[in-house]
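Structural overview
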Amino acid sequence: METHIDIFDEIDALRAERNAIILAHYYQDPDIQDLADFIGDSLQLAKAARDTDADVIVFCGVHFMAETAKILNPSRTVVLPDMAAGCSLADAAPGPDIAAWKAAHPDHVLVSYVNCSADVKAQSDIICTSSNATRVIDSIPEDQGILFCPDRNLGAWLEKQSGRDMVLWQGTCIVHETFSEKRLIQLKVRHPDAKVICHPECEPNLLAHADHIGSTSSLLTYATTTDDADTFIVGTEVGIIHQMEKASPDRTFIPLPGMDESCACNECPHMKRNTLEKIRDCLRDLTPQIEMDETMRLRALRPIERMMEL
Ligand code: 13P
Ligand code: SF4
């Protein structure tokens, strides 16, 4: 039976042999975050994938993130340790349904959250992530109608931030929609000095309690650098707490639980499909690989580049 030490050594040897870079999202298991060459939020990871000169990108995240890496840097081999690592938001917005929605609103521009398929990106006017969404909306003329997909919670939060009305697609994240307001209030009573930090994918009733709302990297910076509270109640996927504890070992980070106390609902089942064994195997076999039709890639690239230009 293989030991932990063996597999770390194997991954290191294969990473060197393949001239590979391992990129990991903050929601990955701590072991995967610790072995990665770069850890970040979805925008930071996209930029790291675009700029790398490694031959192979091992994307420890979910499918739409690895697909974005391939769109931005097509000459690299991009492998995703588990091809079934999807995203409930991307699944909620099938390409043909978005095409029909666009056709029903011919005067609107389509702004898509990066958590969507290449097909939906290709139909979009501009992409955003949670760390630049407000800037993207603010860049659109005030009299221009906007369709926003796929996350209705991020969309509603952006409407509040920007004072704009948008037509929202009704997708949700299976992790962020399950956080319990009742448990949040109980935690606030027990920890009256704690600050509440939430990802904008949370439901509006949760966001109403937040001292800070932002992308994963923004939550990390706020809880470890910007704010000086000792305790934070964390309303996003629990994986991020590993970096918070590493950066601020003297502070307390309390993961917000889901409504069903018997499940680990604050873990993303898609992100957690990636394992050390699957990372080793995809480095060894260079599969499963992200492949994309070049016409689709070029159409999907345009709205991503518009975002990057901002
Ligand atoms: P970030 O862009 O904040 O990393 O979020 C990605 C995501 O999938 C959140 O659920
Ligand atoms: Fe998608 Fe939610 Fe998982 Fe993020 S946490 S990858 S939005 S399912």
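Refer to the structure above for everything that follows.
The following paragraphs examine the structure supplied in this document. None of these values were measured; they are calculated from a predicted model. (Residues numbered from 1 in each chain as written. Chains lettered and ligands numbered in written order. Predicted model: local features only at pLDDT ≥ 70, side-chain atom pairs only at ≥ 80, totals over all residues. Heavy atoms only, no water.)

Counting residues in each nonpolar core, the largest one holds 67 residues, and the members touching the most others are Leu23, Phe59, Val111, Phe148 and Leu158. Among the elements that make up this core, the one with the highest residue count is helix 4 (residues 63-72) (six residues). Residues in contact with Val111, not counting those within four places in the same chain, are Ile126, Cys128, Val136, Ile137, Ile140, Ile146, Leu147, Phe148 and Cys149. The next biggest cluster of nonpolar side chains, apart from the first, holds 18 residues, and it includes Ile7, Leu276, Cys282 and Leu283. (Core = buried A, V, L, I, M, F, W, Y, C linked by side-chain atoms within 4.5 Å. Buried < 20%, exposed > 50% of the residue type's maximum accessible area, 1.4 Å probe, protein only. Helix = DSSP H or I, 4+ residues; strand = E, 2+ residues; numbered from the N terminus. Contact = heavy atoms within 4.5 Å.)

Close contacts around ligand 2 come from Tyr27, Val62, Cys87, Ser88, Leu89, Asn115, Cys173, Val175, Glu201, Cys268 and Met271, and that covers them all. Among the cavities detected, the one that contains ligand 2 is the largest cavity. Within the shell around ligand 2, the residues separate by chemical class into eight nonpolar, two polar and one charged. (Near = heavy atom within 4 Å. 1 Å grid on protein atoms, 1.4 Å probe; cavity = no way out; pocket = protein on both sides within 12 Å on 5 of 7 lines; lining within 4 Å. Sits in = over half its atoms within 2 Å of the grid points. Nonpolar A, V, L, I, M, F, W, Y, C, P; charged D, E, K, R; others polar.)

The next subject is the packing of aromatic side chains. Enumeration over the complete set of coordinates arrives at three aromatic pairs. Aromatic side chains Tyr222 and Phe232 sit 6.3 Å apart centroid to centroid with 80 degrees between the ring planes, which places their arrangement in the edge-to-face category. Here Tyr222, found in helix 12 (residues 216-226), pairs with Phe232, found in strand 11 (residues 231-235); they are ten residues apart in sequence, far enough to count as distant. Note on accessibility: Tyr222 and Phe232 belong to one class, buried. On the numbers, 5.8 Å between centres and 15 degrees between planes, the contact of Phe232 with Phe253 is stacked. Placement of Phe232 in strand 11 and of Phe253 in strand 12 (residues 252-255) is noted, with a sequence separation of 21 residues between them. Judged by its relative accessible area of 5%, Phe253 falls in the buried class. Counting every residue linked through ring pairs, the aromatic cluster contains Tyr222, Phe232 and Phe253. (Phe/Tyr/Trp six-rings, centres within 6.5 Å; stacked < 30°, edge-to-face > 60°.)

An order of 6-5-7-8 is seen for the four strands of this open sheet, with the pairing classed as parallel. The open sheet has two edge strands with one neighbour each: strand 6 (126-128) and strand 8 (167-168). Bridge count for strand 5 (residues 109-113) against strand 6 is three bridges, and the pairing is parallel. Paired with Val111 across the strands is Ile126, a residue of strand 6. Against the sheet, helix 6 (residues 95-104) contacts strand 5, strand 7 (146-149) and strand 8, and its axis sits at roughly 165 degrees relative to strand 7. (Pairing = 2+ DSSP bridges. Axes fitted to C-alpha atoms, helices over the stretch in contact; angles between N-to-C directions.)

Before going further, it helps to spend a moment on the site of ligand 1. Every residue near ligand 1 is listed here: His25, Tyr27, Asp41, Ser42, Tyr113, Asn115, Ser130, His176, His199, Glu201, Ser215 and Thr216. Between ligand 1 and Asn115, the relevant distance is 3.2 Å, taken from an oxygen atom to a side-chain nitrogen or oxygen of the residue. The contact in question runs from an oxygen atom of ligand 1 to an N or O atom on the side chain of Glu201, over 2.9 Å. Relative to its free-state accessible area of 300 Å², ligand 1 is covered by the protein chains to the extent of 96%. (Polar contact = N/O pair within 3.5 Å; in protein donor to acceptor, adjacent residues only side chain to side chain. Areas by Shrake-Rupley, 256 points an atom, 1.4 Å probe, with all protein chains shown as cover.)

This brings us to the sheet that holds strand 3 (residues 56-60). Either a parallel or an antiparallel arrangement is found when strands of a sheet pair, and the pairing is made through backbone hydrogen bonds. One open sheet accounts for four strands, arranged 2-1-3-4; its pairing is parallel. Looking along the sheet, the strands with just one partner apiece sit at the ends: strand 2 (38-40) and strand 4 (77-79). Pairs of neighbouring strands in the sheet enclose a mean axial angle of 20 degrees, with direction left out of account. Judged from the three bridges that link them, strand 3 and strand 4 form a sheet pairing that is parallel. Within the sheet, the bridge partner assigned to Val58 lies in strand 4 and is Val79. On top of the sheet, helix 14 (residues 276-285) reaches strand 1 (20-25), strand 3 and strand 4; it is set at about 160 degrees to strand 3, its chief contact.

What follows is about the pairing of strand 12. As judged from the four bridges shared by strand 11 and strand 12, these two strands associate in the parallel manner. Considered in strand 12, the bridge of Val234 is made with Pro255. Viewed along the sheet, the connection from strand 11 through helix 13 (residues 241-247) into strand 12 turns out right-handed. (Right-handed = clockwise from strand over helix to strand, strands pointing away.)

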